[in-house]
Amino acid sequence: MRILALPVMVLVTATPAAADPVADFYAGKQIRFIIRTGVGGSYDSYSRLLARHIGKHIPGNPSVIPINMPGGGGIRAANYVAKIAPQDGTILTMLSQGTPVDQALGLNASLQADLRELHWIGNVSAANQVLVTWHTSQTKTLADLMRRETPIGSSGAGSISVQMPAVLNNIAGTKIKIVYGYPDGRDINLAMERGEVEGRATNPWQSYIATDPFYVENKLIMPVVQMGMTREAILPDVPLMRELGKNAADQAVLDFMSKSVSVGRPVATTPGVPADRVAALRRAFDETFKDTAFLEEAQKQRADLKPMPGAELAQIVRDIIEAPAALRERVKVAIQPANASEIPGAKPE
């Protein structure tokens, strides 16, 4: 008897694709992007630019809504993100460039955040800060700044726009009269135009190109000295603050302050966010800077983009905060303005 071999039917049950817990979490959600200033200015424009594009690179494609939260020179926003906001990855913020120095030196008792606990997502731009003078000022070069007292506008006491000219005075020997108390950079610009001050203490040159291009195109402002680790390619002949050290102790102070500038426009999320969501946010940040639509809009806005990965940014922030105690004490003395005056009735943010 012949036995016929019957084909064996193999049943294959379809299995669903592996679930993505990050995409599942973000699907249908809204990310709030906390902006440390009011509307206008470079922090606001960079934050809104990033917010318009990063969501499509985050798994689950959440919407991203900008929320302005001015106050305390950015301290209010920092405290909110660190201490109050949901710790689940639905918050992003761009912190003040000078906040790590604030923490390192214990300058502001109202700062409750420990920046080392935040999850750093990336740095939008690490452009140098530039001290400029208005075209009608007699101070047009660093040598002029060394020989004549020049009233320069800045924002709140303790801000980077007060710290940097104070360091220039105390270490390099400039004669800057620091006029502080302006609410923000727009007010300082107006003060320059009115002749109330002769210049502005700190702002990236690229920010002038982006937000006030007529200042640059018509040579209404003169770049006098820049603060950062290396000279900007577009300002090759403008002296660098860290080139002005007279001895090793002074150089260490200048290097500390110059390194703080490289914090730039830093983006972070809250403490406590699960590692997979932090990794997804960092990837989304990196991918946004390869996004054609983002790059085209940035070019139209004349925004300067010098992205830095989140892990590298986190290390810079930690290095600043954990600098040797002796150096931090020297810096604390150097940033105290001896030649300063407050605008009567001013209420800086």
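Keep in mind it's a predicted model, so treat the numbers as computed, not measured. (Residues numbered from 1 in each chain as written. Predicted model: local features only at pLDDT ≥ 70, side-chain atom pairs only at ≥ 80, totals over all residues. Heavy atoms only, no water.)

**With respect to the nonpolar core**
Here is a general trend for soluble globular proteins: nonpolar side chains tend to be buried in one another's company.
1) Next: Of all hydrophobic cores here, the largest spans 59 residues; its most connected members are Leu 131, Leu 168 and Phe 256.
2) Next: Among the elements that make up this core, the one with the highest residue count is helix H6 (residues 160-172) (8 residues).
3) Next: When neighbours within four sequence positions are excluded, Leu 131 is seen to be in contact with Leu 145, Ile 152, Leu 168, Ile 176, Arg 200, Ala 201, Met 222, Pro 223, Val 224, Val 225 and Met 227.
4) Next: Counting 27 residues, the second largest nonpolar core, distinct from the first, contains Tyr 46, Leu 49, Ala 51 and Met 94. (Core = buried A, V, L, I, M, F, W, Y, C linked by side-chain atoms within 4.5 Å. Buried < 20%, exposed > 50% of the residue type's maximum accessible area, 1.4 Å probe, protein only. Helix = DSSP H or I, 4+ residues; strand = E, 2+ residues; numbered from the N terminus. Contact = heavy atoms within 4.5 Å.)

**Some remarks on the confidence of the model for the protein chain**
Interpreting fine coordinate detail is not advised for predicted regions of low pLDDT.
1) Next: In this model, the protein chain carries a mean pLDDT of 90, and residues with pLDDT of at least 70 account for 92%.
2) Next: Helix H11 (residues 275-288) holds the highest mean pLDDT among the elements of the protein chain, 98, whereas strand E12 (residues 340-342) holds the lowest, 71.
3) Next: Every residue in residues 8-15 scores below 50 in pLDDT, and together they form 0 contacts with partners more than four places removed in sequence or on other chains. (pLDDT = per-residue confidence, 0-100.)

**As for empty space enclosed by the protein**
1) Next: Under the criterion given, the structure shown has 1 cavity of 30 Å³ or more.
2) Next: Of the volumes computed, that of the largest cavity is approximately 50 Å³.
3) Next: Considering the residues around the largest cavity, the lining is formed by Tyr 46, Gln 97, Ser 125, Ala 127, Pro 204, Gln 206, Ser 207, Gly 264, Arg 265 and Asp 304.
4) Next: Across the lining of the largest cavity, the residue classes tally to 3 nonpolar, 5 polar and 2 charged. (1 Å grid on protein atoms, 1.4 Å probe; cavity = no way out; pocket = protein on both sides within 12 Å on 5 of 7 lines; lining within 4 Å. Points joined across faces, edges and corners; volume = space filled by probe spheres on them. Nonpolar A, V, L, I, M, F, W, Y, C, P; charged D, E, K, R; others polar.)

**Thoughts on the sheet that holds strand E11 (residues 308-309)**
1) Next: Strand order in this open sheet of 6 strands is E2-E1-E3-E10-E4-E11, and the pairing throughout is mixed. Every interior strand has two partners, whereas the edge strands, strand E2 (63-68) and E11, have only one.
2) Next: One ladder, built from 6 bridges, connects strand E1 (residues 30-35) with E2; its direction is parallel. From the neighbouring strand, Ile 31 faces E2, where its bridge partner is Val 64.
3) Next: Along the sheet, helix H3 (residues 75-84) contacts E1, strand E3 (91-94) and strand E10 (266-269); its crossing angle with E1, the most-contacted strand, is approximately 145°. (Pairing = 2+ DSSP bridges. Axes fitted to C-alpha atoms, helices over the stretch in contact; angles between N-to-C directions.)

**A short note on the packing of aromatic side chains**
Any aromatic ring pair is given by two values, namely how distant the centres are and how the planes are angled relative to each other.
1) Next: This structure, assessed with the given rule, holds 7 aromatic pairs.
2) Next: Taken together, a centroid distance of 6.1 Å and an interplanar angle of 65° make the contact between Trp 205 and Tyr 208 edge-to-face. Of this pair, Trp 205 and Tyr 208 both sit in helix H8 (residues 205-211), 3 residues apart, roughly one helical turn. Of the two residues, Trp 205 and Tyr 208, both sit in the buried class.
3) Next: Geometrically, the ring pair formed by Phe 285 and Phe 289 is tilted, given 4.8 Å between the ring centres and 45° between the ring planes. (Phe/Tyr/Trp six-rings, centres within 6.5 Å; stacked < 30°, edge-to-face > 60°.)

**Thoughts on the environment of Asp 276**
1) Next: Mapping Asp 276 onto the fold places it in helix H11.
2) Next: Considering only alpha carbons, one finds Asp 276 and Val 331, 55 residues apart in sequence, at a separation of 38 Å.
3) Next: Apart from the residues within four sequence positions on either side, Asp 276 is in contact with Pro 21 and Val 22.

**Some details on helix H7 (residues 185-194)**
1) Next: Residues of H7 that are buried include every one of Gly 185, Ile 188, Asn 189, Ala 191 and Met 192, and no others. All buried residues of H7 fall inside an arc of 160° around its axis, so they share one side.
2) Next: Along its buried surface, H7 packs onto strand E5 (129-134), strand E6 (150-153), strand E8 (199-200), H8, helix H9 (213-217) and strand E9 (221-227).
3) Next: Taken from the residues just after H7, Gly 195 is the one with a positive phi, measuring 85°. (Arc of directions from axis to C-beta.)

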